[in-house]
Amino acid sequence: MYAATRTLARPQAFRTFASPALNRFKHTLPSLPYAYNALEPHISEEIMTLHHTKHHQTYVNGLNTAEESYAKLGDSLADAKKRISLQSALKFNGGGHINHSLFWKNLAPASSGGGDISKAPTLKQAIEKDFGSVEAFQKALNTKTAAIQGSGWGWLGYNKETGKLEIVTTANQDPLLSHTPILGIDIWEHAFYLQYKNVKPDYLNAIWNVLNFEEAESRFIEAKA
Amino acid sequence: MVYTLPDLPYSHDALEPHITEQIMLLHHLVHHQTYVDSFNKAELSLQTLPPGPERDDAIRVKAFNEGGHINHSLFWKNLAPSHSAGHPSTTDVQQDVGGVLVDGKLKTAIVEHWGSVEQFKEEFNLTTSRIQGSGWGWLGSDRSGRLEIATTANQDPLSGSSPLIGVDIWEHAYYLKYLNDKRKYLKEIWNVINWFEAERRYAEAIAQN
């Protein structure tokens, strides 16, 4: 009786498809919105190529592997434990994929508006309100980002609760959860070392020239809506 | 307390080709020097800073840079040129050769724990490569001589066991030569690991027992 009920409960069609794992969605590396050399001389072609095709790709692959393992798990307590053990791989690779996907979009060649804050009038006004001036904001962002003790990211984030723009840092590949990301800056050494060596302030000053304020503006407007 | 940058026990090009001169120069004279300078600056500021967020920050800065100084001081000494010929020692002490693990207490303990030295290296490298961010891979020993592979994040020093070998896996330690290929760096560095220093540290760790 029970067996008959269980068979009836499953539509026949479902059972004839291949196992769900094979049809699973896989994350893919997003294309850069510009050429690898487009952010020269501020960020070198060599760095962009490695950063995108190697580092980001590795996070994508790692995320897919972790999610694939996760999806295979069932209802047992042993599987609950396995799900927990996968958390750090999901967070690290998932965060890496999220962060870098945001990063490529919040960069733009200087020739197409990179570094031009006039492309973000609403955001600029809010920056001046919350930081006093654009210069003060830039200084604070650079100082806090450079002060990260290890690998991580510096963010301009929008705090929905207070309605304020704030500078936030995250460690390693932790995604920004407490704020809406407006601008992200990768301060992992692979993001700048080949070009700037240990001189983080030079990198942080240079990247200002390729920040995509148009993208930042649209993120900000969406966050406030 | 004031720290100073220790000299390398060998010249900056001595670990070539496994670790390049360019990396050694930057790593020692700039990165490690910065940990030393930043520690001294924070320590000095703590002499006068009143309680508050600035003082709290200086305490954090001091701890981070002190860890950096401790870790790198250990690191330079647990590295050695893979060939003694052509690399004059910068100290009076007879220079160790890197990559050579002679029979002794440490080798016996490694083989006992991991089955073989190669197995140990593989596990060490796998564990170290899996650090999610910056950090260090360590071979450590407790006072009874029991060995373990451990990792620390950022510039945290190894605690809970005595460090025998430390391997820096911050990107600045290898990126200029190995780019993103961490695994290759970890494979190559064993050519310049100073097992003689590790053996001395091991003897010291168990002598305290």
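Residues numbered from 1 in each chain as written. Chains lettered and ligands numbered in written order. Predicted model: local features only at pLDDT ≥ 70, side-chain atom pairs only at ≥ 80, totals over all residues. Heavy atoms only, no water.

Some remarks on the overall build of chain A
Our working rule: Numbering of helices and strands runs from the N terminus, with a helix taken as a DSSP run of H or I at least four residues long and a strand as a DSSP run of E at least two residues long. By definition, residues are in contact when any of their heavy atoms lie within 4.5 Å. Here the Shrake-Rupley method, with its probe set to 1.4 Å, supplies the accessible areas, and only the displayed protein chains count as covering residues.
Along its length, chain A carries ten helices and three strands. The linear arrangement of helices and strands in chain A, starting from the amino end, is α-α-α-α-α-α-α-β-β-β-α-α-α. Long-range pairs, those at least 24 residues apart, make up 68% of the contacts in chain A between residues at least 6 apart in sequence. Total accessible area on chain A stands at roughly 11600 Å², and carbon and sulfur atoms take up 55% of it.

Looking at the UniProt feature "binding site: Mn(2+)" (unreviewed entry) in chain B
The line we're drawing: UniProt positions are given in the numbering used here, feature names are shortened, and annotations may be inferred rather than shown by experiment. Polar contacts, as counted here, are pairs of nitrogen or oxygen atoms within 3.5 Å of one another; within protein the pair requires one atom able to donate a hydrogen and one able to accept it, and residues that are adjacent in sequence qualify only if both atoms are side-chain atoms.
The UniProt record annotates "binding site: Mn(2+)" (unreviewed entry) at H27, H72, D168 and H172 of chain B. For the residues just named, distributed over 146 residues, the greatest C-alpha separation is only 12.5 Å, placing them together at one site. Along the chain, the position of D168 of chain B falls in strand β3 (residues 162-168). Setting aside residues up to four positions removed in sequence, D168 of chain B forms contacts with H27, H72, F75, G135, W136, A173 and Y185 of chain B. Polar contacts involving the side chain of D168 of chain B include one to the main-chain amide nitrogen of W170 of chain B, which spans 2.9 Å. Inspection of the secondary structure puts H172 of chain B in the loop between β3 and α5 (175-178). Apart from the residues lying within four places of it in its own chain, the contact partners of H172 of chain B are E189 and Y193 of chain A together with I23, H27, H31, Y35 and H72 of chain B.

Overview of the sheet that holds strand β2 (residues 147-153) of chain B
Residues and elements named next belong to chain B. This is how it is decided: In this scheme, strands are said to pair when DSSP sees at least two bridges between them. Angles here are taken between N-to-C directions and fall from 0 to 180 degrees, while the axes themselves are lines fitted to C-alpha atoms, restricted in helices to the stretch in contact.
Spatial strand order, β2-β1-β3: three strands in an open sheet with antiparallel pairing. Taken across any chain shown, the strands that pair with only one partner, and hence form the sheet edges, are β2 and β3. The sheet shows a mean angle of 25° between the axes of neighbouring strands, direction not considered. Relative to β2, strand β1 (residues 135-141) runs antiparallel, the two being bridged by seven bridges. Note on β2: the bridge partner recorded for G135 is A153. Each of β1, β2 and β3 is contacted by helix α4 (residues 117-129), which is oriented at about 20° to β2, the strand it contacts most.

Points about the interface of chain A and chain B
This is how it is decided: Simply put, the buried area is the total loss of 1.4 Å probe accessible area from both parts when two parts are fitted together. Each salt bridge in this description consists of a side-chain nitrogen of Lys or Arg and a carboxyl oxygen of Asp or Glu lying within 4 Å of one another.
Taken residue by residue, the interface counts 18 residues in chain A and 18 residues in chain B. For the chain A and chain B pair, buried surface summed over both sides reaches about 1800 Å², with 55% attributable to carbon and sulfur atoms. On the chain A side of the interface with chain B, the three residues burying the most area are Q149, E189 and Y193 of chain A, jointly 37% of the side's total. Linking chain A with chain B are zero salt bridges, by the criterion used here. The tally of links between chain A and chain B comes to nine residue pairs in polar contact (both at pLDDT 80 or more).

Points about the UniProt feature "binding site: Mn(2+)" (unreviewed entry) in chain A
Residue and element names in this part refer to chain A. Just so we agree on the cut-off: Relative accessibility decides the category of a residue: with a 1.4 Å probe and only protein chains considered, values under 20% of the type maximum give buried, values over 50% give exposed, and everything between is partly exposed.
UniProt records the feature "binding site: Mn(2+)" (unreviewed entry) for H51, H100, D186 and H190 in the present numbering. Maximum C-alpha separation among the annotated residues is 12.5 Å over a sequence range of 140 residues, consistent with a single clustered spot. The residue H100 is located in helix α5 (residues 87-105) in this model. The class of H100 is buried, set by a relative accessible area of 0%. If we ignore the near neighbours within four places in the chain, the residues touching H100 are H51, H56, Y59, W153, Q173, D186 and H190. Separated by 3.0 Å, the side chains of H100 and H51 make a polar contact. Position of H190 relative to the elements: it lies in the loop between β3 (180-186) and α8 (193-196).

Comments concerning the packing of aromatic side chains
As a reminder of what qualifies: Note on ring pairs: Phe, Tyr and Trp rings are taken, using the six-membered ring of Trp, and paired if centres are within 6.5 Å. Classes follow the plane angle, with under 30 degrees stacked, over 60 edge-to-face and the rest tilted.
In this structure the tally under the stated criterion is 27 aromatic pairs over all chains. A centroid spacing of 5.0 Å and a plane angle of 25° characterise the contact between F192 of chain A and Y203 of chain A, whose relative ring orientation is stacked. Of this pair, F192 of chain A sits in the loop between β3 and α8 while Y203 of chain A sits in helix α9 (residues 200-207), placing them eleven residues apart in sequence. Summarising the aromatic geometry, the rings of W136 of chain B and W138 of chain B are spaced 5.6 Å apart at their centres and angled 20° between planes, so their arrangement reads as stacked. Of the residues examined, W136 of chain B reaches a relative accessible area of 0% and is grouped as buried. A relative accessible area of 0% means that W138 of chain B is categorised as buried. An aromatic cluster of three or more residues is present, and its members are W114, F120, F124, W190 and W195 of chain B.

Description of the nonpolar core
Threshold: Only buried residues count toward a nonpolar core. Its members are Ala, Val, Leu, Ile, Met, Phe, Trp, Tyr and Cys residues joined through side-chain atoms within 4.5 Å. Boundaries between domains were set according to an automatic or database domain assignment.
Judged by nonpolar contacts, the single largest core of 98 residues is most densely connected at L139 and W195 of chain B. Mapping this core onto the domain boundaries places at least three of its residues in each of domain 1 (12-110) and domain 2 (114-224) of chain A. Setting aside chain neighbours within four positions, we find L139 of chain B in contact with L106, I110, W114, F120, F124, L147, E148, S162, P163, L164, I165 and W195 of chain B. By size, the runner-up hydrophobic cluster in this structure holds five residues, among which are L63, A66, L86 and L90 of chain A.

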